[in-house]
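Descriptive analysis of the structure
Residues per chain, in single letters:
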Amino acid sequence: MSRPLVLVTGAGSGIGRAVALALLGSDRDVLAVGRRPGPLEALVGEVPGGGGAVATVVADVGDGPALRRALEHGPHLAGVVACAGICRQARLDSPEADDVWREVLAVNLDGAWNTLRAALPRLEDGGRIVAVSSGLGKLGRAGYGAYAASKHGLLGLVRCLARELAPRRITVNAVCPGWVDTPMAAADLAAAAADRGVGTDTVRAEATGGIPLGRFVDPGEVAALILWLLSAGAAAITGEAWNISGGEFSA
Ligand code: NAD
């Protein structure tokens, strides 16, 4: 691996996969981290010709010591994209609320913390960190307490690290997507539909109706924003939370 190397968690599917492919296509190498070997192996098989190279690490971001062991003797990193996440719905009074709270916080918030703790010793001065939060990192939605708390927490972490790492010219930003067409969104819509006893098409139409541009965001569009935040042109931007939601979260 000889080009600038960017670590991407959750690289096996959805937004993380789109980020990895966009980086590989723009002459960057990728250290792809994910829980499941299959999707990471599939990513290796899709490396665009003439672009960057990909190495993989199978790890659960909830396991901080495992991540640190995997990265401690690794190469230097030009950037880190903390993208791995899960979404589970549970209202405060539901029987599974405690389990959902712990599961979601362990991946979305502890996972990002663990990733950045493990990666920081390898990150070059002037490097870049991008965390994938959510529109629900800024706003609330009934039934999404654990998820929204994790994504709000991530923005707090980003704003603190931006100040902490500024002396090393490391920028730290978040992206806050609205509905993005990924396996997570599909599963979330299916869960909401099952909960209400309606079809997934109905729930998707309602969600789309709340988006001024009238469509879900494509994972490649989120990847393009992240690539720009990783670029030299974004060197003066840090501690920010960038919405990308088709206008749904425009505040
Ligand atoms: P996705 O389910 O397609 O991808 C998530 C990836 O994270 C998967 O590859 C999964 O294996 C990985 N992952 C999950 N738990 C992990 C763990 N413990 N350790 C390592 N890897 C793990 O979902 P996505 O939509 O691409 O989500 C990516 C990020 O974008 C998430 O943080 C999500 O919260 C955020 N997001 C998604 C949407 C959306 O509508 N899809 C909206 C806002 C924010």
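This section reports on the structure supplied with the text. (Residues numbered from 1 in each chain as written. Predicted model: local features only at pLDDT ≥ 70, side-chain atom pairs only at ≥ 80, totals over all residues. Heavy atoms only, no water.)

1. Some points on the pairing of strand 2 (residues 29-34)
- Within strand 2, six of the six residues are buried, which leaves the element mostly enclosed by the surrounding structure.
- Residues of strand 2 alternate between two faces, with Asp-29, Leu-31 and Val-33 on one and Val-30, Ala-32 and Gly-34 on the opposite face, all of them buried.
- In terms of strand pairing, strand 1 (residues 5-9) meets strand 2 through five bridges, oriented parallel. Opposite Val-6, over in strand 2, you have Val-30 as the bridge partner.
- With helix 1 (residues 14-24) bridging strand 1 and its parallel neighbour strand 2, the resulting β-α-β unit is right-handed.
- Two elements, strand 2 and strand 3 (residues 54-58), share five bridges in a ladder whose sense is parallel. For Val-33, the partnering residue across the bridge sits in strand 3 and is Val-57. (Buried < 20%, exposed > 50% of the residue type's maximum accessible area, 1.4 Å probe, protein only. Helix = DSSP H or I, 4+ residues; strand = E, 2+ residues; numbered from the N terminus. Pairing = 2+ DSSP bridges. Right-handed = clockwise from strand over helix to strand, strands pointing away.)

2. Some points on the packing of helix 1 against helix 8 (residues 219-229)
- Between helix 1 and helix 8, the least distance of the axes is 8 Å, while the angle of their chain directions is 55°. Classed by the angle they form, the pair helix 1 and helix 8 counts as oblique. In this structure, helix 1 crosses over helix 8, and the sense of that crossing is right-handed. Contacts from Gly-14, Ile-15, Ala-18, Val-19, Ala-22 and Leu-23 of helix 1 reach helix 8 at Pro-219, Gly-220, Val-222, Ala-223, Ile-226 and Leu-227. (Axes fitted to C-alpha atoms, helices over the stretch in contact; angles between N-to-C directions. Parallel < 35°, antiparallel > 145°, perpendicular 65-115°, else oblique. Left-handed = near helix turned anticlockwise from the far one by under 90°. Contact = heavy atoms within 4.5 Å.)

3. Considering the site of the ligand
- Around the ligand, 28 residues are found, and the nearest of them are Ser-13, Ile-15, Asp-60, Tyr-147 and Thr-182.
- Here Ile-15 contributes a backbone N or O atom positioned 2.7 Å from an oxygen atom of the ligand.
- Between the ligand and the protein, one listed contact pairs an oxygen atom with a side-chain N or O atom of Arg-35 at 3.4 Å.
- In isolation the ligand offers 820 Å² of accessible surface; the protein chains occlude 95% of this area.
- A total of three residues in the shell around the ligand trace back to one element, the largest contributor, which is helix 6 (residues 183-196).
- Residue composition of the shell around the ligand, by class: 15 nonpolar, nine polar and four charged. (Near = heavy atom within 4 Å. Polar contact = N/O pair within 3.5 Å; in protein donor to acceptor, adjacent residues only side chain to side chain. Areas by Shrake-Rupley, 256 points an atom, 1.4 Å probe, with all protein chains shown as cover. Nonpolar A, V, L, I, M, F, W, Y, C, P; charged D, E, K, R; others polar.)

4. Things to note about the pattern of salt bridges
- Tallied over the entire structure, the rule returns 10 salt bridges.
- Two residues, Asp-181 and Arg-204, come together in a salt bridge whose shortest N-O distance is 2.9 Å. Of this pair, Asp-181 sits in the loop between strand 6 (171-177) and helix 6 while Arg-204 sits in helix 7 (residues 200-209), and the two are 23 residues apart along the sequence.
- Its relative accessible area of 38% is what places Asp-181 among the partly exposed residues.
- By relative accessible area, Arg-204 is classed as partly exposed at 30%.
- With a closest N to O distance of 2.8 Å, Arg-196 and Glu-206 form a salt bridge. Of this pair, Arg-196 sits in helix 6 while Glu-206 is found in helix 7, placing the two residues 10 residues apart along the sequence. (Salt bridge = Lys/Arg side-chain N within 4 Å of Asp/Glu carboxyl O.)

5. Some thoughts on the sheet that holds strand 7 (residues 241-244)
- Here we have seven strands laid out as an open sheet, ordered 3-2-1-4-5-6-7, and parallel in their pairing. Two strands in the sheet have a free side with no partner beyond their single neighbour: strand 3 and strand 7. Averaged over all pairs of adjacent strands, the angle between strand axes in this sheet comes to 20°, irrespective of strand direction.
- Each of strand 1, strand 2, strand 3, strand 4 (77-82) and strand 6 touches helix 1; the most contacted strand, strand 1, lies at about 165° to it.

6. Some points on the pairing of strand 5 (residues 123-132)
- Counting buried positions along strand 5 gives seven out of 10 residues, so the element sits mostly inside the fold.
- In this structure, strand 5 lies alongside strand 6, joined through five bridges in parallel fashion. Residue pairing for strand 6: Ala-131 is matched across the bridge by Ala-174.

7. Section: the side chain of Ser-133
- Topologically, Ser-133 is positioned in the loop between strand 5 and helix 5 (145-165).
- By relative accessible area, Ser-133 is classed as buried at 2%.
- Within polar-contact distance, the side chain of Ser-133 engages the backbone oxygen of Lys-151 at 3.0 Å.

8. Comments concerning the nonpolar core
- Formed by 52 residues in total, the largest nonpolar core has its most connected members in Leu-7, Leu-31, Leu-77, Val-80, Ile-129, Val-172 and Trp-179.
- Residue contributions to this core peak at 10 residues, all from helix 5.
- Discounting residues that sit within four places of it in the chain, Trp-179 has contacts with Arg-141, Tyr-144, Ala-185, Asp-188, Leu-189, Ala-207, Ile-211, Phe-216, Val-217 and Glu-248.
- Within the second largest apolar cluster, 31 residues are counted, among which are Val-8, Ala-20, Val-130 and Val-222. (Core = buried A, V, L, I, M, F, W, Y, C linked by side-chain atoms within 4.5 Å.)

These results come straight from atomic positions and should not be treated as a statement about function.
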